[in-house]
Amino acid sequence: MEGLQFIGAGLAAIGSGAAAIGVGNVAGNFLAGALRNPSAAASQTATLFIGIAFAEALGIFSFLVSLLLMFAV
């Protein structure tokens, strides 16, 4: 039964990798838009940071779930 906890924690940790993909997607789309219209890039910087923060928050939540599965269950 203890081995199943580690399998569940590993599956929950996949969300951390997905968060990294999400951050890359947000930053890549921002750079693509900034290169197309450099004058509008300054006004979209706050939106970039908000998108990165949301993507990282989901990664942190999945990491916490994996820790809970490993040690609390």
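What you see is a predicted model; the values in this text were computed from it and never measured.

## Digging into the overall build of the protein
- Broken down by element type, the protein carries three helices and zero strands.
- N-terminal to C-terminal, the α/β element order of the protein is α-α-α.
- Taking 2.2 N^0.38 as the reference for a compact globule, 73 residues should give roughly 11 Å; the C-alpha atoms of the protein span a radius of gyration of 17 Å, well beyond that estimate.
- Taken over the C-alpha atoms alone, the protein extends approximately 60 × 15 × 5 Å along its principal axes.
- Here the protein, with 73 residues, has 15% of them falling under the buried criterion.
- Here the contacts in the protein between residues at least 6 apart in sequence split such that 79% fall between residues at least 24 apart.

## Things to note about a nonpolar patch on the surface
- Together, Met1, Leu4, Ile7, Leu11 and Ile14 make up a nonpolar patch on the protein surface, roughly 620 Å² of accessible area in all.
- No other element matches the three residues that helix α1 (residues 2–12) contributes to the nonpolar patch.

## Thoughts on the confidence of the model for the protein
- Averaged over the protein, the pLDDT score is 88; the fraction of residues at 70 or greater is 100%.
- Ranking the helices and strands of the protein by mean pLDDT puts helix α2 (residues 14–36) first, with 90, and α1 last, with 82.

## Overview of the side chain of Ser66
- Following the sequence through the fold, Ser66 ends up in helix α3 (residues 45–71).
- Here the side chain of Ser66 touches Phe63 through a polar contact of 2.6 Å, landing on its backbone oxygen.
- Residues contacting Ser66, with those up to four places away along its chain left out, are Ala9, Ala12 and Ala13.

Calculation rules
Residues numbered from 1 in each chain as written. Predicted model: local features only at pLDDT ≥ 70, side-chain atom pairs only at ≥ 80, totals over all residues. Heavy atoms only, no water. Helix = DSSP H or I, 4+ residues; strand = E, 2+ residues; numbered from the N terminus. Rg over C-alpha atoms; globule rule 2.2 N^0.38 Å. Buried < 20%, exposed > 50% of the residue type's maximum accessible area, 1.4 Å probe, protein only. Contact = heavy atoms within 4.5 Å. Patch = residues over 30% accessible without salt bridge, like charges linked within 9 Å, V, L, I, M, F, W, Y side chains within 5 Å. Areas by Shrake-Rupley, 256 points an atom, 1.4 Å probe, with all protein chains shown as cover. Salt bridge = Lys/Arg side-chain N within 4 Å of Asp/Glu carboxyl O. pLDDT = per-residue confidence, 0-100. Polar contact = N/O pair within 3.5 Å; in protein donor to acceptor, adjacent residues only side chain to side chain.

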